[in-house]
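What follows is each chain in one-letter form.
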Amino acid sequence: MFWKFDLHTTSHIDTLLEKEDVTLTEVMDEDDVLQECKAQNHKLVDFLLRPQCMEDLVTYITQEPSADVEEKVKYKYPNISCELLTSDVGQINDRLGEDENLLIKLYGFLQNEPPLNPLLASFFSKVLSILIGRKPEQIVEFLRKREDFVDLMIKHIGTSAIMDLLLRMLTCIEPQQLRQDVLNWLNEEKVIQRLVDMVQPSQDEDRHSNASQSLCEIIRLSRDQMFQVQGSSDPDPLLSTLEKQETVEQLLFNIFDKEKNESAIVSVIQILLTLFETRRPAFEGHMECPPGMSHPSFSVNHSILEAVRPRLKDFHQLLLEPPKANVMKTTWGVLDPPVGNTRLNVVRLVASLLQSNTHSINTELINLNTLGIILDMYFKYIWNNFLHIQVEICTAMILAMPPAPTDIQPDTEQENARESILIKHLFQKCQFIQRIVEAWSSNEKEQAEGGRRRGYMGHLTRIANSIVHNCDKGPNGPQIQQLISELPAEDREKWEAFISGQLSDTNKRNTVDLVNTHHIHSSSDDEVDFKDSGFHQDSSLQQAFSDYQMQQMTSNFIEQFGFNDEEFADQDDVANIALFEARCKEKIQQFEDTGSDEEDIWDEKDVTFAPEAQRRPSSGSTDSEESTDSEEEDGKRDPFEASNPSTDDRMEVDTGWCTQDYYISTQRTCLYQLMSILSVKLLCLFSPPPPDCDGWLGTSVASPSSTSAKDCGRPKAEEETASCEQRSITETVINGSMKETVSLTVDAKTETAVFKRFAKPSGALHFNQQVACKMQDLCFLSDLFTGK
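Everything numeric here is computed off the predicted structure, so don't read it as measured data.

(A) Region of the structure containing helix 23 (residues 370-380). With respect to burial, helix 23 is a largely interior element, nine of its 11 residues being buried. Of the positions making up helix 23, those classed as buried are T370, L371, G372, I373, I374, L375, M377, Y378 and F379.

Here is the structure:
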């Protein structure tokens, strides 16, 4: 609609472009230049497509700004130039992708010496990436002609934007055949080997990190592409090169046969962990097997394992002698040495190797006692939960995995042959059971002495539960039971007492329902009758409050509330009430019809009631502005007296039962005060009485303004009676020359209440108003008039 009705304002750019000598910088200074470019403003696009403008745009993003330019605007034009070139306008893409001179100028940015300006590198990468996506054939052909392209990319791999550009070439090129050609070209240029050479101690950390991340992303992207395009017969050459045994061996050689460098070691482990990533069946918590793929396709490449196995002793040595780290002071104490990133990643690598469940790897780990060293670290570093979770993963896999295929002896019976050498090593050599019980007892002793609960106790609880579970239901249950039965008698008794006592108690505490969900229902459940809830039958207050809560608060709720139960009132009284309300509405309507300039009649103000002699007749007469005799004697002005009462501010109530004039605001104020008093006493009425029913109501509740009998709204308690069957309250209020009596009668049996209002002006007829309602109505009135 914005464009349909031409609601947009005319851009100043159109006017600016009409100048003959307009410059590119003047155009880029306009605030809406990017918006107009993306909207493909013809004048602007034609201007930008000029050869000199295109060359200037490329220059801005490839050359360092002048050092004399103020810092805050130093990269203004390079940034705008990048946005204009990447605004995805077809004409700009065509001109930039087909003009070789512009591409050469753009490519020249890579030929700068490292380190590259990171901001300009991001501009360069963004422009070239969009060209790869929009003009893949032209860009690939141009880059393949540049013999130093791969060398320059590897040279600047320490710049993150260049790493992103390399990955973009692997993901954004279509069609599939062109992508395959690019992969073959990069493989021929030995891009994998060159990236591997970047991960060695002689390089800096940025190159380690970016080269490692590039190799990890190549592995993931290639595997994802392999599963998505299953009909493709051509393997991914880059992935095949990475999974070769010699490639993995070169990675390990870079970190072990040279000086120890934590950054290089961690980067190589990250690559190995990515190579060990496998898509397991769904029951193991990973994605399901894709259709047509068998489970052997998910196993780790055997060549990778063969390359890693001889180096397990080197990883084991890293656990014993990690790269030197500074002493770490913590609130718990001094860590010398701390766990460190190297050892933590070695433990992660061990967990991945255990997941492969390979006999040769398992055997080597047992011979080195790597699991024992890891358990020592678990109980030593009591606050390192990153370490604890990895150890828990290791133990859980050992307990739950079936034995490796080569662990099964073909000459023995099947049920006796399925024994895991890892479980046997864990229970016998590592004394798994004894260490769990000992650590638990030691923790309880420290806590009893006022110490803190150790940080690994939650993981230790789950490890103990894993032993119990796999002993009963796991594939290695018989072997675990046999190993526990072979424990020394003292250790076996401690374990049995532990699982039946401390562990059982801990599990009970951990499984307590924090919320009782027995009666919780979904919000989508319909037709729920809350009135059938089990309220105490003798508590009328509870039932009334429940009914009051269940009322639907509609727009006419207040008007109809309490006046629709005719069985609780006499028909004559109901007719009188209706007539009274009709007359009130008639007068109120007159006030509402007055002009907007009139004074608001509902504003609270001081008013005076007219005496009987000056009462206005039904035909209408002048209003009296005099005060009562008592007011003249005292020489004081009534606080409710209005200075200039007008005729329209009076309300007439006649038709045979009342002709007294009084102000609407005064009537409302007095009624509010009466209802406030009665609502407070109402709470007393609903309270259960003492057995003797005597003195149940207590003293009368006085009004806040009861200092003088002359003021309006000064209630006087005249009668308060109570009984066990029917209880009532009566209040009398003097409003000028009118005496009003308000009574409230509550019947506990029928759970009803009757509200009566009796007015008797001096020398005039009286009227009687009676309203019946249920108790839940009175609960609402109590809340309304007490401000709750």
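Okay, back to it.
(B) Layout of the packing of helix 6 (residues 76-85) against helix 9 (residues 118-134). With their axes 9 Å apart at the nearest point, helix 6 and helix 9 run at an angle of 10 degrees to one another. As summarised for this structure, helix 6 and helix 9 are arranged roughly parallel, according to the angle between their axes. For the pair helix 6 and helix 9, the contacting residues are P78, N79, C82, E83 and L85 in the first and L120, F123, K126 and V127 in the second. Grouping the constituent residues of the contact of helix 6 with helix 9 by class yields six nonpolar, one polar and two charged.

(C) Summary view of the side chain of H156. By the element assignment, H156 lies in the loop between helix 11 (149-155) and helix 12 (160-171). Polar contacts involving the side chain of H156 include one to the main-chain carbonyl oxygen of N112, which spans 3.1 Å. Discounting chain neighbours no more than four positions away, the residues touching H156 are L110, N112, E113, P114, L116 and I162.

(D) Representation of the side chain of T370 in the model. Mapped onto the secondary structure, T370 falls in helix 23. Taking relative accessible area as the criterion, T370 reaches 3% and is therefore assigned buried. The residues touching T370, leaving out its near neighbours within four places in the chain, are H316, L319, V350 and L365.

(E) Structural context of the confidence of the model for the protein chain. Confidence in the prediction of the protein chain, expressed as mean pLDDT, is 74, and 59% of residues score 70 or more. With pLDDT under 50 throughout, residues 280-298 is counted as low confidence; its partners more than four residues away or in other chains account for 24 contacts. Predicted confidence for residues 762-771 stays below pLDDT 50, and this span has 35 contacts to residues more than four positions away or in other chains.

(F) Spotlight on the nonpolar core. If you look at the biggest cluster of nonpolar residues, it comprises 157 residues, and the most contacted ones within it are L272 and F427. Not counting chain neighbours up to four residues away, the residues in contact with F427 comprise L399, F432, I433, Q434, I467, I480, L483 and I484.

Each value, and the rule that gives it
As a convention, each chain's residues are numbered from 1 in the sequence order in which they are written. Only residues with pLDDT of at least 70 are given local features in this predicted model, and only at 80 or more are side-chain atom pairs given and counted; all residues enter the totals for whole chains, interfaces and linings. Side-chain descriptors were evaluated using all non-hydrogen atoms of the structure, hydrogens and water having been removed beforehand. A 1.4 Å probe rolled over the protein chains alone gives each residue an accessible area, and that area as a share of the maximum for its type sets the label: buried under 20%, exposed over 50%, partly exposed in between. Here a helix means four or more residues in a row that DSSP labels H or I, a strand means two or more in a row labelled E, and each is numbered from the N terminus. Axes here mean lines fitted to C-alpha atoms, for a helix over just the part in contact, with angles spanning 0 to 180 degrees between N-to-C directions. For this classification, under 35 degrees means roughly parallel, over 145 means roughly antiparallel, 65 to 115 means roughly perpendicular, and everything else is oblique. Should any heavy atoms of two residues lie within 4.5 Å, those residues are counted as being in contact. Residues are grouped as follows: nonpolar covers Ala, Val, Leu, Ile, Met, Phe, Trp, Tyr, Cys and Pro; charged covers Asp, Glu, Lys and Arg; every other residue, Gly included, is treated as polar. Under the rule applied, a polar contact is a pair of N or O atoms within 3.5 Å (in protein, one hydrogen donor and one hydrogen acceptor; residues adjacent in sequence only if both atoms are side-chain atoms). Per-residue confidence from the prediction method is given by pLDDT, with values spanning 0 to 100. Here, nonpolar core refers to any group of buried Ala, Val, Leu, Ile, Met, Phe, Trp, Tyr and Cys residues whose side-chain atoms link them within 4.5 Å.

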